[in-house]
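# Report on the structure
Chain by chain, the residues:
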Amino acid sequence: MAQQLPCDNDGVCLICKTTPSSDQTLTCNTCVTPWHIACLAINAQSSSSNLWECPDCTTLVDAGAPAAGEKSELVAAIQAIEADATLTEKQKARRRQELLSGKEAAGDKEDEEERNEVGGMINANFKCCVCIQLPERPVTTPCGHNFCLSCFQKWTRQGKNTCIKCRFSIPAKMASQPRINSALVAAIRMARMSMANSTGGQAKISHFVHNQHRPDKAYTTDRAKRNGMANAASGRIFVTTPSDHFGPITAEYDPVRNRGVLVGESWDLRMDCRQWGIHYPHVSGIAGQAKYGAQSVVLSGGYEDDEDHGEWFLYTGSGGRDLSGNKRTNKDQSSDQKFESYNESLRFSCKKGYPVRVVRSHKEKRSSYAPETGLRYDGVYRIEKCWRKVGKQGFKVCRYLFVRCDNEPAPWTSDEHGDRPRPLPTVKELKPAVDIFERKESPSWDFDVEDNLWKWKKPPPTSQKPVRDAETGDIQNARIAIRKAEKTASKDKLLKEFSCLLCKNVMTLPVTTPCAHNFCKSCLEGKFAGQSFTRERSRGGRTLRSQKNTMTCPACPTDISDFLQNAQINRELMDLIEKLQESSKEETDAPAESPAASSEEQVKENELSNSEGEAKTVEEFPEASSEDPDKENGLSNSEAETKIVDKKRKEADAKPTKNKKRKLTKTNC
């Protein structure tokens, strides 16, 4: 019998070395392999049948069948895979490969290793020096070693102000008030998300996109009498939620991005925060109505009684200060606070168990969970208790216990899941408190055990405000911009997180200051080049004791002069950056498998974004869209069209039109 061979991956017959058309090929129903009908010695008459089996599969059935009319287990398993409608074509191909090779599909392992590559790098480089695990709420010492926030605080509370690993001295201010390293938080979260994706999870996208037609930032109108943000107007509201909307901003209220406002998104100003419906008031820290409830609050450090513990915090109500006349701000309290107006709205939300959106501001300097700049959305919290007590300034203040209850993880954690019900913390100030109020009825927003998420157990309150609708043209333009902004690799995203705050490039020889800011060592030293750490003083010919010069961090007001005298390179961070750069360079230098395997989505986006320019080119130079003899010389369609357009533009520039000549004549006159 003549040798039977199928077509290869490029569709070329292995016998006659030609590329047959689809009408001249026959695809096996079992192994999905194309065969050239003209080169088939048998079964050629079955070309019209959809249940045709190639000679290889027929031989396999005949050799493995224990009885006539029965198929082997291998062929039966392959046909079962083909009949499974829940699998995609790619999944079917991988399962067939796994069965035929007798082991796991190589593609699955390669994909899993690629997804876990970033996670493996971070696991190998970052460990807490106490618990030897990935740091939770990572804190980096000036010597470049990483700790969990809880491990670091446990170590320093024992009076030990030296690093547990290298015995390097820890500044007293850092020991008493450690700051979380936000760059490490992003890196660890990305590692855990990549490992979750390898098991079938979906990666979350958290990125901000600008509107196309209206100002993205607050702007000053022509009616404003003064410049600056005091008289500025808010930009466009991007979401379709009413101003009294309770709970998270989900995808159904976000027609532009179609994903809602995710935890961790940040803005520069209150007005920018307002544009996404998270917190509407420009100045007030509480958004709510006394008989309706509170929708959101902002932690901005306005009251010294506030206590922030991340997953729960104690919040002070508003009022009790003299703001008469033109006093816009006043930190001195002059009267007792009462449960009225905004304070009553918070108590109403406590009574009903409504979710309250929480925004943290960089102005809260006493909190380890505040962002470094701007304002950040940290998810929804629920008010469990409220009371009144005598504050630090001697007057009664309204106090509220907020406990986090969001389905998304907090920005300071590297967990891939959100909150779970937790016991209420012990609050010592409740003993001398008065007017204590605690919810007795079941909350409207609660955790569902069956669905394993937080959701509305009771219908949310009916809105009393109008809803803003979005325009179709704005949505389409914004979606194009979103797709362009989100097409970056995970390694490139991680490298951007490790950028120097001075040169804005990926750090070389990184150093971490006691205030948890990362810089290139050369950039930081160059910032203070020529400045001495001390200055000599003299008076009346007598030499006085030298005085220390204050050198503030370029990103915050912290004095880092002691750190600059012996700045230590963060070796763990430097090793990770070098590994990521080497890996990205290898991927860039690797030859492409197929030059025709360009992304169709990217081509469509380029066509959409350049549609106006292309239409104008075709209108002015119609010959550019016609056939050209350059294609026969080996030029592609795009290269030939580009060549023609450039030629026509040169001719048009060389020969001015009548209108141009007229303008030149008028100018000369």
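Here the structure is a predicted model, which means the values were calculated and not measured.

Here a disulfide denotes one covalent bond, and it connects the sulfur atoms of two cysteines. All chains considered together, the criterion is met by zero disulfides. Of the cysteine sulfurs around Cys398, a residue in no disulfide, the closest is that of Cys386, at 8.2 Å. Since its relative accessible area comes to 0%, Cys398 is described here as buried.

Counted according to the given criterion, the structure contains 22 salt bridges. Arg382 is the partner of Asp446 in a salt bridge, and the nearest nitrogen-oxygen pair spans 3.4 Å. Of this pair, Asp446 sits in strand S16 (residues 445–448) while Arg382 is found in strand S13 (residues 375–390), placing the two residues 64 residues apart along the sequence. Taking the relative accessible area as the measure of exposure, Asp446 reaches 24% and is therefore partly exposed. For Arg382, a relative accessible area of 10% puts it in the buried group. We note a salt bridge from Asp435 to Arg388, for which the minimum N-O separation is 2.9 Å. Of the two residues, Asp435 sits in strand S15 (residues 434–438) while Arg388 sits in strand S13, which places them 47 residues apart along the sequence. We classify Asp435 as partly exposed; its relative accessible area is 42%. Overlapping salt bridges, with partners in common, bring together Asp305, Asp306, Lys389, Arg399 and Glu429 in one network.

What follows is about the side chain of Thr316. Looking at where Thr316 falls in the secondary structure, it is placed in strand S11 (residues 312–316). A relative accessible area of 1% places Thr316 in the buried class. Among the polar contacts listed, one links the side chain of Thr316 to the side chain of Asp306, at a separation of 2.7 Å. Of note is the side chain of Thr316, whose polar atom sits 2.8 Å from the side chain of Arg399.

Quick look at the environment of Leu494 now. Counting through the fold element by element, Leu494 comes out in helix H11 (residues 490–497). Between the C-alpha atom of Leu494 and that of Leu184, which follows or precedes it by 310 residues, the distance is 9.8 Å.

So, about the UniProt feature "domain: RING-type" (unreviewed entry) in the protein. Per the UniProt annotation, the sites labelled "domain: RING-type" (unreviewed entry) are residues 128–167 and 500–556. Regarding residues 128–167, the helix share stands at 20% and the strand share at 15%, and the terminal C-alpha atoms are separated by 15 Å.

A positive phi angle, near 55°, is found at Arg137, a position not held by glycine. The residue Asp435 is not glycine, and still its phi comes out positive at about 55°.

About the criteria used
Residues numbered from 1 in each chain as written. Predicted model: local features only at pLDDT ≥ 70, side-chain atom pairs only at ≥ 80, totals over all residues. Heavy atoms only, no water. Disulfide = S-S within 2.5 Å. Buried < 20%, exposed > 50% of the residue type's maximum accessible area, 1.4 Å probe, protein only. Salt bridge = Lys/Arg side-chain N within 4 Å of Asp/Glu carboxyl O. Helix = DSSP H or I, 4+ residues; strand = E, 2+ residues; numbered from the N terminus. Polar contact = N/O pair within 3.5 Å; in protein donor to acceptor, adjacent residues only side chain to side chain. UniProt positions renumbered as here; feature names shortened; annotations may be inferred.

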